[in-house]
Amino acid sequence: MNGLVLEGGGIRGAYQVGVYKALMEKNIKFSVITGTSVGALNGALIAMQQFDKLVELYERISPGLMFEADEDVIELLSKESFRDTNILSLLSVLNKVLDNKGLDISPLKKLIGEYVDEDVIRKSGIRLGVVTIDLNKMKPIEIYLENMEKGTLKDYLIASSSLPIFKNEAQTRSFLDGGFYNNLPIEMLVRENDVDKVYVIRLNSHGIVHDYSMYDHLFIFEPSGELGGILNINKERIQKNIKMGYYDAIRKLEGHDGFCYTIREKPEDYYLNIFSSLSDKKIEVLANMFSVDGDKSLKRKLFEDIIPIIAKLFKLKATAGYKEIFINLIERVATIHDIDKYKVYNLDELVAMISSKELSKDYLSSDSWTNVKLGAIRLLNAIDNEEADKIFEAIYSVIMEG
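Residues numbered from 1 in each chain as written. Predicted model: local features only at pLDDT ≥ 70, side-chain atom pairs only at ≥ 80, totals over all residues. Heavy atoms only, no water.

Attention now moves to empty space enclosed by the protein. Tallying each qualifying case throughout the model produces 1 cavity of 30 Å³ or more. Taken as a whole, the largest cavity encloses approximately 30 Å³ of empty space. What lines the largest cavity is Asn182, Leu184, Ile186, Glu187, His210, Asp211, Tyr212 and Tyr215. Counted by class, the lining of the largest cavity contains 4 nonpolar, 2 polar and 2 charged residues. (1 Å grid on protein atoms, 1.4 Å probe; cavity = no way out; pocket = protein on both sides within 12 Å on 5 of 7 lines; lining within 4 Å. Points joined across faces, edges and corners; volume = space filled by probe spheres on them. Nonpolar A, V, L, I, M, F, W, Y, C, P; charged D, E, K, R; others polar.)

See the structure below:
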């Protein structure tokens, strides 16, 4: 019997759609689901076993379907980040929200009512649990659907997602987003259910996450990149996050290599051979680039000095293997050239795509190489990203090109 735990995180929840798609393709099913905030809403739609409706929700979602607000408020909420926002404009919008006593989420309530069918979930045989905080009683609530009064699931889903910025309409009970108590309800699921494996989909959001290191039957998916803000209702970002979730899951479920790219698995020895087969000329170039001198043989310089320096450039542990070091390198260069992350690659295919790009080769004239070794690795933190990119491209081009 499998369990599924879904972290809260607003519109970042699109990532969970992608992960769940991969789980469905592997025919992995769940008997119990717990979630907080958007994780509770996603969990409800997953429990309905109507994946098309879950996808449709994220395809349709827009600020106007979530909030009643002026255009300038909606425009602000749709931004990828607030870094380039004029501070006076930002304060003006925030004051407007405060003057209205918060964002009116009437459209969101209507949307949940349109998509969530409580009767279908009750008949599904899947236990659904949600987390919120009762502000009247000042205590957290972890509750399963069978313990809710009939017809109240939608109210609990709203309660689980009630951020302080949302308008609190006159009502007998007041609730707060469950993320302020437990944004990742693993213990809630394990405590009351006999499960063999628990699949956990993180969103790495702000919120309280209880220690789960004591559980040894967790299968955890975490984003390989940034997911954006919790209210960043941007269709391009939403679709990117769905793709990221899918390929992060495929990479883990199928055992592929890669951290943000999905590369068909090859053994550690394959990557060792990439380094060990480097010609003396290439090793000499790398040694000059990294100011590695001394009386050692070129092969010893490569394995004892040069490769450890490359690992340090990526801030990897001393125990990092050749596969980890090389994949960090190839992914960095692929990212520099905006090569699509969202497909499954053979290593040769990814190498060929990088080779088709114009790589920086001005490594011999770059001042950035001065003392870029051992204790001076911190230099990378002091130079701009463009110059750092040149360094990584230079290393890659020496190793991989003729």
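Bringing the packing of aromatic side chains into the picture now. Within this structure, the stated rule accounts for 15 aromatic pairs. Both rings, one in Tyr270 and one in Tyr271, keep their centres 5.6 Å apart while their planes meet at 75 degrees; by these two values the pair is edge-to-face. For Tyr271, a relative accessible area of 0% translates into the label buried. Connected via pairs of aromatic rings, a cluster forms that spans Tyr20, Phe30, Phe51, Tyr199, Phe219 and Phe221. The ring centre of Phe219 lies 5.1 Å from the NZ or CZ of Lys252, which sits over that ring. When the ring centre of Phe221 is taken as reference, the NZ or CZ atom of Lys252 above it lies at 5.9 Å. (Phe/Tyr/Trp six-rings, centres within 6.5 Å; stacked < 30°, edge-to-face > 60°. Buried < 20%, exposed > 50% of the residue type's maximum accessible area, 1.4 Å probe, protein only. Lys NZ or Arg CZ within 6 Å of the ring centre and 35° of its normal.)

Let us look at the side chain of Ser205. If you trace the backbone, Ser205 turns up in the loop between strand S6 (197-201) and strand S7 (218-221). A polar contact of 3.0 Å, which involves the side chain of Ser205, links it to the backbone oxygen of Gly8. (Helix = DSSP H or I, 4+ residues; strand = E, 2+ residues; numbered from the N terminus. Polar contact = N/O pair within 3.5 Å; in protein donor to acceptor, adjacent residues only side chain to side chain.)

The buried fraction of S6 is high, at 4 of 5 residues. Pairing analysis gives 5 bridges linking strand S1 (residues 2-6) to S6, with the strands arranged parallel. Considered in S6, the bridge of Asn2 is made with Lys197. Where S6 lies against S7, 4 bridges are found, and the strand directions are parallel. When the sheet's bridge partners are listed, Ile201 is paired in S7 with Phe221. (Pairing = 2+ DSSP bridges.)

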